[in-house]
Amino acid sequence: MNQASLHRLIASAQTDTDMPSELGKLFHLRLAGNLTLIKDLFFTLYPENENTESFEKLLSEFLVLFEERPENLQLQDVDRLRGGDWYRSEQLAGMQLYVDHFNKDLKGLKNKLGYFEKLGINFLHLMPITPRPKGENDGGYAVNSYHEVDEKYGTRQDLLTLTETMRKKNMFLMMDFVANHTSNEFSWAKKAISGDEKYQGYYYMYPNRSMPDAFEQTLPEIFPMTSPGNFTYEPEMKKWVMTVFNNYQWDLNYTNPEVFIEMLRNLMKLVNLGVDVVRLDALAFMWKKLGTQSQNLPEAHALISLFRLCLQIIAPGVVLLAEAIVAPNEIIKYFGSGRLKGNECEIAYNATLMALLWDAIATKKTALVYKNLYNLPKKPEAATWINYIRCHDDIGLGFEDQFIDEIGWNAQNHRRFLLNYYCQGLDWSPAKGEIFMYNPKTGDGRITGSAASLLGLEKALEQKNKAKIDLAIAKIIMMHGIVLSYGGIPLIYAGDEIGTLNDYSYLEDTHKKEDSRWVNRPQQDWTTVENLDDKTSYQSTIFFALQNLIRIRKQHLAFADTNNLALYDNPNPHVLLYERTLNNEEGVLVVCNFNDEPQLLDKITLGAYGTKAGLEDLITGNSITFEYGKVKVEPYQLFWFQS
Ligand code: GLC
């Protein structure tokens, strides 16, 4: 039983929470329930003999922070606790968006809530809206504040109005907490530059190259082309600052307990604005240790659990998403392991599935998908995924070489093929993507581009080739159908619901042109949206297909994530089959074909579903009959068969 389940039991035993004193009582019970674990974690990171004062300071923060939390959110917290793991529900369907690219600002976004409702979206991830440096700012991931609103998006009041309206509509909000680094304009950084030693101790900084050089021995480079190395010289201070991402993003030094306590305060100020899910940005990097890659370290896990357990005392209705785009068996550890199982992040990006789906599209084969998914450790039941095909970042091919080799492909050649396939290195490929951070030294690179362009729509439209356009549309729908039926929260990237193509305008902006991720950060096309109901465009086909899938998802409990996903092995190399089971009764069998030739599946492949006289496809409502004992799956067709 994880700590959240414990608090659920306690909250459910306490029935009268309308009175503030009752809320306070529950707070104290949560504090008592988590304190031993918190103490152990704190002193693991910060040796007890030197840090008892800091621990006392942390203790004295809890009540202050709890009292600062608005009462309506305190009440919601307790409701959420009692309601169980709301984030695993089949009712959730999400969208990720840039507020300014979507509809100008926060007010503009609020005016478009009806658009989400039309599509069935009730969970929004807003990209950073906090103040940031004027020039380069990594799309807002260089933060000047953790809880203020950049004037470009509106005011704090606009955000509060938005979150209040969303709550009334039962919509959930996810926002970023860029916990690993601040911008070089953040108040602490400015004080550090002006010589304040206290704040210099909030970052990793060194007077000469000896420590930076020692670190560089083992630290990989994240942005080798635009920001090589991991340290930046700050002439005013005459010091080298650790900057793992861009040179204007300063890594916070969590070996200093003051940083943890201050960041907990910042986190609370953010969630008090009405945030339901906190996306812990780049959390794998949060602890640095000489002689290591400083990613996924045990100390980073302890630190994140510490955030989790503290937040749970103050705001137990808020959950954490791990933005850990790392190796598959490392991602799973962000759900917590050992005695911290289920006490770290509740949600993680399913970057493994995402990358594997792109592999299957390029190879037209599902062998690598099966190989990896079969070898993934099972996640804790209280945890879930964000399933997605595209986001604002690149696609990293983060699966293991060993598995590529084991299915008989050469890992190096295979990775090169994928880069060529997606990044215009092969004439015959339908994909039109761009390479991101190509490193000529190693030959490594990542892929970027919009889902529609990567799936062939842009080229097909250029060629005015109707058959290819149809194939691309089928791929777009199938890929979304997978993320909508796989266990977890589906997150659609704004624009993908209408097949938005690459946006090349970033090439004209000096602050963006070196970062090809901007090719997939387009402006929402409201003219197209206004004409969707004509149902004549490809955009309309995609939109209404997704709308239908979302609607069906919400009607079937089998789509709630209770670790109820069963992969079906099958001899056909092009097909992916899995079942979402429900009490071994009302399951849904998902079938998809990654090839541009139709595939015939026999009854044995379909397991219990094959013993039925016919099959009901939830998506079309059609009954499918077996012909000569086989079901035909058209190119990129998706079935959701009802049991
Ligand atoms: C995360 C964000 C990415 C950003 C990086 C540094 O990975 O998704 O866009 O560049 O963190 O903050």
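As recorded in an unreviewed UniProt entry, the protein chain goes by Glycosyl hydrolase family 13 catalytic domain-containing protein and comes from marine sediment metagenome.

*Asks:* Sorry, what's going on with the overall build of the protein chain here?
*Replies:* Across its full length, the protein chain carries 23 helices and 23 strands. Here the C-alpha radius of gyration of the protein chain, 25 Å, is about what a compact globule of 643 residues would show, namely 26 Å. Dimensions of the protein chain, computed from the C-alpha atoms along their principal axes, are close to 75 × 60 × 50 Å. Scored against the burial criterion, the 643 residues of the protein chain give a buried share of 63%. Across the protein chain, 65 positive and 82 negative side-chain charges occur, with their mean positions spaced 2 Å apart.

*Asks:* What's the story with unusual backbone geometry in this structure? I'm lost.
*Replies:* The phi torsion of most residues other than glycine is negative, and most of the peptide bonds are trans. Not every positive phi belongs to a glycine, and K104 is a case in point at roughly 75 degrees. Tracing the backbone shows K104 in the loop between α5 (99-103) and α6 (106-111). Overall, the relative accessible area of 61% leaves K104 in the exposed class. A positive phi angle, close to 55 degrees, is found at D138, a residue other than glycine.

*Asks:* Mind showing me how you'd approach the nonpolar core here?
*Replies:* Within soluble globular proteins, side chains that are nonpolar generally end up buried alongside one another. If you look at the biggest cluster of nonpolar residues, it comprises 230 residues, and the most contacted ones within it are Y254, F260 and W640. Take this core: its biggest share by element is 11 residues, from helix α13 (residues 298-314). Leaving out residues up to four positions away in the same chain, Y254 has contacts with Y46, A179, Y204, V259, F260, M263, M286, W287, L303 and F307.

*Asks:* Help me out: how do you make sense of the sheet that holds strand β15 (residues 489-493) in this one?
*Replies:* To summarise the sheet geometry, strands pair through backbone hydrogen bonds and adopt either a parallel or an antiparallel arrangement. As summarised here, the arrangement of the eight strands in space is β1-β2-β3-β9-β10-β11-β12-β15, forming a closed barrel in which the pairing is parallel. Here the strands of the sheet are splayed against their neighbours by 25 degrees on average, with no regard to which way each runs. Bridge count between strand β10 (residues 319-322) and strand β11 (residues 347-349): two bridges; the pairing is parallel. Each residue of the ladder has a partner; that of A322, found in β11, is A348. Sheet contacts for helix α8 (residues 156-168): β2 (123-126) and β3 (172-177); angle to β3, the most-contacted strand, approximately 140 degrees.

*Asks:* When you look at the packing of helix α3 (residues 48-68) against helix α12 (residues 257-271) in this model, what are you seeing that I'm missing?
*Replies:* The description of two packed helices rests on the angle between their axes and on the distance between the axes. The geometry of α3 relative to α12 is characterised by a closest axis approach of 10 Å and an angle of 10 degrees between their N-to-C directions. With respect to each other, α3 and α12 are oriented roughly parallel. On α12, the residues that touch N51, S54, K57, L58, E61 and L65 of α3 are P257, E258, F260, I261, L264, R265 and M268. The class makeup of the residues in the contact of α3 with α12 is seven nonpolar, two polar and four charged.

*Asks:* For this particular structure, what's the right way to read the pattern of salt bridges?
*Replies:* It is possible for side chains bearing opposite charge to pair when their charged atoms get close. Under the defined criterion, the tally for this structure stands at 40 salt bridges. Close ionic contact of R209 with D213 constitutes a salt bridge, the shortest N to O distance being 2.9 Å. The class for R209 is partly exposed, based on a relative accessible area of 26%. Here D213 falls in the partly exposed class, since its relative accessible area comes to 36%. Ionic pairing is found between E330 and K333, a salt bridge with its closest N-O pair at 3.3 Å. Classification of K333 as partly exposed rests on a relative accessible area of 34%.

*Asks:* Teacher, can you tell me more about the site of the ligand here?
*Replies:* Around the ligand lies a shell formed by D138, Y141, H181, F223, F245, Q249, R279, D281, E323, H392, D393 and R517. A distance of 2.9 Å separates an oxygen atom of the ligand from a polar atom in the side chain of E323. When the free accessible area of the ligand is taken as 300 Å², the share hidden by the protein chains comes to 95%. For the shell around the ligand, the residue count by class is three nonpolar, three polar and six charged.

*Asks:* Looking at this structure, I do not really get the packing of aromatic side chains. What am I missing?
*Replies:* Aromatic ring pairs are described here by two measures, namely the spacing of the ring centres and the angle between the planes. Scanning the entire structure with this criterion turns up 43 aromatic pairs. On the basis of an interplanar angle of 80 degrees and a centroid distance of 5.7 Å, the ring pair of F42 and F43 is categorised as edge-to-face. F42 sits in the buried class, given a relative accessible area of 0%. Judged by its relative accessible area of 14%, F43 is buried. Members of the aromatic cluster, each reached through a chain of ring pairs, are Y146, F177, F186, W188, Y199, Y202, Y254, F260 and F307.

*Asks:* I tried to follow the packing of helix α1 (residues 3-13) against helix α4 (residues 71-83) on my own but got confused; where do I start?
*Replies:* In the contact formed by α1 and α4, the axes pass within 8 Å of each other and the chain directions differ by 105 degrees. Taken together, the axes of α1 and α4 are roughly perpendicular relative to one another. Of the residues in α4, those in contact with A4, H7, R8, A11 and S12 of α1 are V78, L81 and R82.

*Asks:* Mind showing me how you'd approach the sheet that holds strand β23 (residues 638-642) here?
*Replies:* Sheet architecture is open: six strands sit in the order β16-β17-β18-β23-β20-β21, paired in antiparallel fashion. Every interior strand has two partners, whereas the edge strands, β16 (565-567) and β21 (623-625), have only one. With strand direction ignored, the average angle separating the axes of adjacent strands in the sheet is 35 degrees. Relative to β23, strand β20 (residues 614-617) runs antiparallel, the two sharing two bridges. Following the sheet pairing, E616 is matched in β23 by Q642.

*Asks:* Is there a simple way to think about the side chain of R553 in this case?
*Replies:* Mapped onto the elements, R553 comes out in helix α23 (residues 538-555). One buried charge, R553, has no salt-bridge partner; the nearest side chain with opposite charge is E90, at 6.9 Å. A distance of 3.1 Å separates a polar atom in the side chain of R553 from the backbone oxygen of G488. The contacts of R553, once residues within four sequence positions are left out, are S89, E90, L92, L484, Y486, G488, I489, P490, F559 and W640.

*Asks:* Looking at this structure, I do not really get the environment of G621. What am I missing?
*Replies:* Tracing the backbone shows G621 in the loop between β20 and β21. Considering only alpha carbons, one finds G621 and W640, 19 residues apart in sequence, at a separation of 9.8 Å.

*Asks:* Help me understand the UniProt feature "domain: Glycosyl hydrolase family 13 catalytic" (unreviewed entry) in the protein chain in this model?
*Replies:* The sites that UniProt annotates as "domain: Glycosyl hydrolase family 13 catalytic" (unreviewed entry) are residues 96-553. For residues 96-553, the end-to-end C-alpha separation is 19 Å, with 38% helix and 13% strand making up the annotated structure.

*Asks:* Looking at this structure, I do not really get the domain arrangement of the protein chain. What am I missing?
*Replies:* Size of an interface, as often reported, equals the accessible area lost when the parts are brought together. Domains assigned within the protein chain are domain 1 (3-83), domain 2 (187-251) and domain 3 (564-642). Here the C-alpha centroids of domain 1 and domain 2 sit 35 Å apart.

*Asks:* How should the side chain of S450 be read in this particular structure?
*Replies:* Position of S450 relative to the elements: it lies in the loop between β14 (444-448) and α19 (451-454). Contact partners of S450, with chain neighbours within four places excluded, come to T500, L501, N502 and N520.

Conventions adopted
- Residues numbered from 1 in each chain as written.
- Predicted model: local features only at pLDDT ≥ 70, side-chain atom pairs only at ≥ 80, totals over all residues.
- Heavy atoms only, no water.
- Helix = DSSP H or I, 4+ residues; strand = E, 2+ residues; numbered from the N terminus.
- Rg over C-alpha atoms; globule rule 2.2 N^0.38 Å.
- Buried < 20%, exposed > 50% of the residue type's maximum accessible area, 1.4 Å probe, protein only.
- Lys, Arg positive; Asp, Glu negative; His and termini not counted.
- Charge placed at Lys NZ, Arg CZ, Asp CG, Glu CD.
- Core = buried A, V, L, I, M, F, W, Y, C linked by side-chain atoms within 4.5 Å.
- Contact = heavy atoms within 4.5 Å.
- Pairing = 2+ DSSP bridges.
- Axes fitted to C-alpha atoms, helices over the stretch in contact; angles between N-to-C directions.
- Parallel < 35°, antiparallel > 145°, perpendicular 65-115°, else oblique.
- Nonpolar A, V, L, I, M, F, W, Y, C, P; charged D, E, K, R; others polar.
- Salt bridge = Lys/Arg side-chain N within 4 Å of Asp/Glu carboxyl O.
- Near = heavy atom within 4 Å.
- Polar contact = N/O pair within 3.5 Å; in protein donor to acceptor, adjacent residues only side chain to side chain.
- Areas by Shrake-Rupley, 256 points an atom, 1.4 Å probe, with all protein chains shown as cover.
- Phe/Tyr/Trp six-rings, centres within 6.5 Å; stacked < 30°, edge-to-face > 60°.
- UniProt positions renumbered as here; feature names shortened; annotations may be inferred.
- Domains from an automatic or database assignment.

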